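# Secondary and tertiary structure notes
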Amino acid sequence: MAVSDGAGWNDGEAMCPHRLILEHVTSRWGVLVLIQLLERPYRFSELRRAIGRVSEKMLTQTLQTLERDGLVHRDAKPVIPPRVDYSLTGLGREAAEQVRDLALWTEKRTADVLAARQAYDEARAL
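On a predicted model such as this, the values are computed, not experimentally measured, just so you know. (Residues numbered from 1 in each chain as written. Predicted model: local features only at pLDDT ≥ 70, side-chain atom pairs only at ≥ 80, totals over all residues. Heavy atoms only, no water.)

## Some points on a nonpolar patch on the surface
Stated precisely, the cut-off is as follows: Like charges are joined within 9 Å and nonpolar side chains (Val, Leu, Ile, Met, Phe, Trp, Tyr) within 5 Å, but only among residues with over 30% relative accessible area and no salt bridge; these make up the patches. A 1.4 Å probe and the Shrake-Rupley method give the accessible areas. Residues count as covered only by the protein chains that appear here. For this document, the term salt bridge refers to a Lys or Arg side-chain nitrogen within 4 Å of an Asp or Glu carboxyl oxygen. Under the DSSP-based scheme used, a helix requires at least four consecutive residues in state H or I and a strand at least two consecutive residues in state E, with every element numbered from the N terminus.
A cluster of nonpolar side chains, Leu-102, Trp-105 and Val-113, forms an exposed patch at the surface whose accessible area comes to about 300 Å². Tracing the backbone shows Leu-102 in helix 5 (residues 90-125).

What follows is the structure, given as structure tokens:
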């Protein structure tokens, strides 16, 4: 199914595989995890601190989802204390670069979006 033709994007409750992947990659925490892991591999606690304001449960769920999708690699080392590192797979790096570009665009164009919102709100208030 081609994304460019818009087909399949409004299939009600049915979740097409590409839509589910898109949901995982563009989720609130998925975006931040992918962008952060572009820098380097992280241990869980380091990643949580780097992202900020994410609960342990949400970060765990996000990492598991991204690992299942083949975007994140979990490397558990058999040492005491246990050490687990998270890094991007090749597929994950590709997705993270796309998401980072979108994040950079939003940062660059925030003023324009805020101006558009203000103009819209003012026009609706009349």
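## A word on helix 5
For an α-helix, 3.6 residues make a turn, and residues three or four places apart therefore share a direction. What counts here: A helix is expected to span 1.5 Å multiplied by its residue count minus one. Here the bend at a residue is taken as the angle between two axes, fitted respectively to the seven residues that end there and the seven that start there. Partly exposed describes any residue whose relative accessible area lies between the buried limit of under 20% and the exposed limit of over 50%, with all areas from a 1.4 Å probe on protein chains only and scaled to the type maximum. The criterion used for residue contact is that any of the two residues' heavy atoms lie within 4.5 Å.
Taking 1.5 Å per residue, 36 residues should reach 52 Å; helix 5 reaches 49 Å between its end C-alpha atoms and fits that length. At Arg-109, helix 5 is bent by approximately 60°, the largest bend along its length. Of the residues making up helix 5, those classed as buried are Gly-92, Ala-95, Ala-96 and Val-99. The elements touched by buried residues of helix 5 are helix 1 (17-25), helix 2 (28-37) and strand 3 (83-88).

## With respect to the pattern of salt bridges
For the structure on display, the rule yields five salt bridges. The closest approach of N and O atoms between Arg-40 and Glu-46, which form a salt bridge, is 3.7 Å. By relative accessible area, which is 25% here, Glu-46 ends up partly exposed. Ionic pairing is found between Asp-85 and Arg-83, a salt bridge with its closest N-O pair at 3.1 Å.

## Considering the pairing of strand 3
This is how the line gets drawn: When DSSP locates at least two bridges between a pair of strands, those strands are taken to pair.
Counting buried positions over the six residues of strand 3 gives five, a clear majority of the element. By the bridge criterion, six bridges tie strand 2 (residues 72-77) to strand 3 in an arrangement that is antiparallel. Bridging across to strand 3, His-73 finds its partner in Ser-87. The antiparallel hairpin formed by strand 2 and strand 3 contains five residues in its connecting segment.

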